[in-house]
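Residue-level listing of the chains:
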Amino acid sequence: MLRKVAVLAVPTMAPFEFGVLCEVFGVDRTDDGVPPIDFTVVAADPGTIPFQYGLSVTVPSGLEAARDADLVAVPAVDDLRRVDPRILETVRAAHERGAWVLSVCSGAFVLGAAGLLDGRPSTTHWRHAARLQAAHPATRVDPNVLFVEADRIVTSAGTASGIDASLHIIRRELGASAANAIARRMVVPPQRDGGQAQYIALPMPEHAADSLAGLLDWAEAHLDEDLSVEVLARRALMSPRTFARRFRDETGTTPAAWVVRQRLRLAQDLLETSGLPVDEVARRVGFGTGGVLRHHFGSVLGTSPQAYRRRFSLAGV
């Protein structure tokens, strides 16, 4: 059972992500039926630890206070050029003795530097995902999820995803009722649907090659029409096989995948800015029915059109 939690105070850590860990694990909620948790903040060099933005926190406890913790957590860190070897040894030792290890956002780089991500899947904020993958090629970074658990190592995506990952550990160790009680007090959902993909703006198409630029512009303006390979190839005056090969060479993807991405991008825009019913959005972007739109939203963005609209609508609908 989760009885003791230690949060590592690392210089240049982010105050919000640090606060998330303090809020989930550090508040006494025994009155709500949550088992007591011995919560402590530790540092390699006890004393004043600088946050980002010119803030600081005073930490009286050293790393020895984390030696018997059931969970060792690392908040997001801004300066990743060099992580104190004592911090790395602390998270390694925690994992070796079977404790949980949790990182929030860029804290995953600390776990990577400790070698804990090697051979395991992981995640971090989508803006840092490529850098984490490049820095630690032995892990498989998934930029589309809110958190990843592998062998009692939990890495979370950006900022508020630290809440999702923390509640996941609470749920695993203390049960769903404890997780629900904490979520209720924090006024957050016990479990969020979807993943990071819904927060990542789909890229605008890059028309790097003159030979297909005009065709792609035309297709973007006619997303509600039949855009099969045969139709596009005929418009490009090529055979379907030649067109498909040329398309992949020049765009890096298949015609079908490109069309789906552009239709999703337009659907996102309509859901954000209009009150159109989902079926009408589906018709206007070329998916035909709301069911097809929901399928692609789920597979690519990890959420539903209705949930996306509730989260991102600019039209008050």
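Residues numbered from 1 in each chain as written. Predicted model: local features only at pLDDT ≥ 70, side-chain atom pairs only at ≥ 80, totals over all residues. Heavy atoms only, no water.

A.B. asks: I keep staring at the sheet that holds strand S6 (residues 71-74) and nothing clicks. Help me out?
C.D. replies: The strands making up a sheet are joined through hydrogen bonds of the backbone, oriented either antiparallel or parallel. The mixed open sheet is built from seven strands, whose spatial order is S5-S2-S1-S6-S7-S11-S10. Each edge of the sheet is formed by a strand with only one pairing partner; in this case those strands are strand S5 (61-62) and strand S10 (147-150). In this sheet, S6 lies alongside strand S1 (residues 4-8) in parallel orientation, the contact comprising three bridges. The partner of Val7 across the bridge, within S6, is Ala73. Contacts from helix H5 (residues 161-174) reach S6, strand S7 (100-103), S10 and strand S11 (153-156), with the element oriented near 165 degrees to S7. (Pairing = 2+ DSSP bridges. Helix = DSSP H or I, 4+ residues; strand = E, 2+ residues; numbered from the N terminus. Contact = heavy atoms within 4.5 Å. Axes fitted to C-alpha atoms, helices over the stretch in contact; angles between N-to-C directions.)

A.B. asks: Is there a simple way to explain the packing of helix H10 (residues 255-273) against helix H11 (residues 278-285) in this structure?
C.D. replies: The packing of two helices is summarised by the inter-axis angle and the distance between the axes. At a closest axis distance of 9 Å, the pairing of H10 and H11 adopts a crossing angle of 140 degrees. Between H10 and H11, the angle falls in the class oblique. Between H10 and H11 lies a crossing of right-handed hand. Across the interface between the two elements, Arg263, Leu266, Ala267, Leu270 and Leu271 of H10 pack against Val281, Arg284 and Val285 of H11. Residue classes in the contact of H10 with H11 are distributed as six nonpolar, no polar and two charged. (Parallel < 35°, antiparallel > 145°, perpendicular 65-115°, else oblique. Left-handed = near helix turned anticlockwise from the far one by under 90°. Nonpolar A, V, L, I, M, F, W, Y, C, P; charged D, E, K, R; others polar.)

A.B. asks: Sorry, what's going on with helix H2 (residues 85-96) here?
C.D. replies: Residues that lie three or four places apart on an α-helix share one face, since the helix turns once every 3.6 residues. Taking 1.5 Å as the rise per residue, H2 with twelve residues should run 16 Å; its terminal C-alpha atoms sit 16 Å apart, in good agreement. Within H2, burial applies to Ile87, Leu88, Thr90, Val91, Ala94 and His95. The buried residues of H2 all sit within an arc of 160 degrees when viewed along its axis, so they share a single face. In this structure, the buried residues of H2 make contact with S1, S6, S7, helix H3 (108-113) and S11. Once H2 finishes, Gly98 follows within two positions and takes phi at roughly 95 degrees, a positive value. (Expected span 1.5 Å × (residues − 1). Buried < 20%, exposed > 50% of the residue type's maximum accessible area, 1.4 Å probe, protein only. Arc of directions from axis to C-beta.)

A.B. asks: Sorry, what's going on with the pairing of S10 here?
C.D. replies: Regular strands place side chains that alternate from one sheet face to the opposite one. The side-chain alternation of S10 yields one buried face, formed by Val148 and Ala150, and one unburied face, formed by Phe147 and Glu149. Where S10 lies against S11, four bridges are found, and the strand directions are antiparallel. If you follow Val148 over to S11, its bridge partner there is Thr155. Where S10 folds back onto S11 in an antiparallel hairpin, the turn is made up of two residues, including Asp151, whose phi is positive at roughly 60 degrees.

A.B. asks: When you look at a negative patch on the surface in this model, what are you seeing that I'm missing?
C.D. replies: A cluster of acidic side chains, namely Asp224, Glu225, Asp226 and Glu230, defines a negative patch on the protein surface. Looking at the element boundaries, Asp224 is found in the loop between helix H7 (210-221) and helix H8 (229-235). (Patch = residues over 30% accessible without salt bridge, like charges linked within 9 Å, V, L, I, M, F, W, Y side chains within 5 Å. Areas by Shrake-Rupley, 256 points an atom, 1.4 Å probe, with all protein chains shown as cover. Salt bridge = Lys/Arg side-chain N within 4 Å of Asp/Glu carboxyl O. Lys, Arg positive; Asp, Glu negative; His and termini not counted. Charge placed at Lys NZ, Arg CZ, Asp CG, Glu CD.)

A.B. asks: How do you make sense of the pattern of salt bridges when you look at a structure like this?
C.D. replies: One side chain can pair with another of opposite charge once the charged atoms of both are near each other. Throughout the structure, instances matching the rule amount to twelve salt bridges. Here Arg120 and Asp151 are joined by a salt bridge, their closest N and O atoms 2.8 Å apart. Of this pair, Arg120 sits in the loop between H3 and strand S8 (121-122) while Asp151 sits in the loop between S10 and S11; the two residues are 31 residues apart in sequence, bridging distant segments of the chain. Residue class for Arg120 comes out buried when judged on its relative accessible area of 19%. Taking the relative accessible area as the measure of exposure, Asp151 reaches 47% and is therefore partly exposed. One continuous salt-bridge network, built from bridges that share partners, spans Asp45, Asp84 and Arg86.

A.B. asks: Is there a simple way to explain the nonpolar core in this structure?
C.D. replies: In summary, soluble globular proteins display a tendency toward joint burial of nonpolar side chains. Core analysis: the biggest nonpolar cluster contains 39 residues, and Leu2, Val24, Phe25, Leu71, Leu102 and Ile170 have the highest contact counts within it. Elements supplying a minimum of two residues to this core: S1, helix H1 (15-26), strand S2 (38-43), strand S4 (56-59), S6, S7, H5 and helix H6 (176-186). Apart from the residues within four sequence positions on either side, Leu102 is in contact with Leu21, Phe25, Leu71, Val72, Ala73, Val74, Val154, Ala165, Ser166 and Ile169. With 29 residues, the next largest nonpolar core counts Val10, Ala99, Phe109 and Leu111 among its residues. (Core = buried A, V, L, I, M, F, W, Y, C linked by side-chain atoms within 4.5 Å.)

A.B. asks: Explain the state of the cysteines to me, please; I cannot follow it from the model alone.
C.D. replies: Chemically, a disulfide is nothing more than a covalent bond linking the sulfur atoms of two cysteines. Enumeration according to the criterion identifies zero disulfides in this entry. For the unlinked cysteine Cys22, the closest cysteine sulfur is that of Cys105, found at 16 Å. (Disulfide = S-S within 2.5 Å.)

A.B. asks: Got a minute to help me understand the pairing of S6 in this structure?
C.D. replies: Burial of the side chains of S6 extends over both faces: Leu71 and Ala73 are buried on one face and Val72 and Val74 on the other. Relative to S7, S6 runs parallel, the two sharing four bridges. Note on S7: the bridge partner recorded for Val72 is Val101.

Everything listed here is a matter of coordinates, which is why it stays silent on function.
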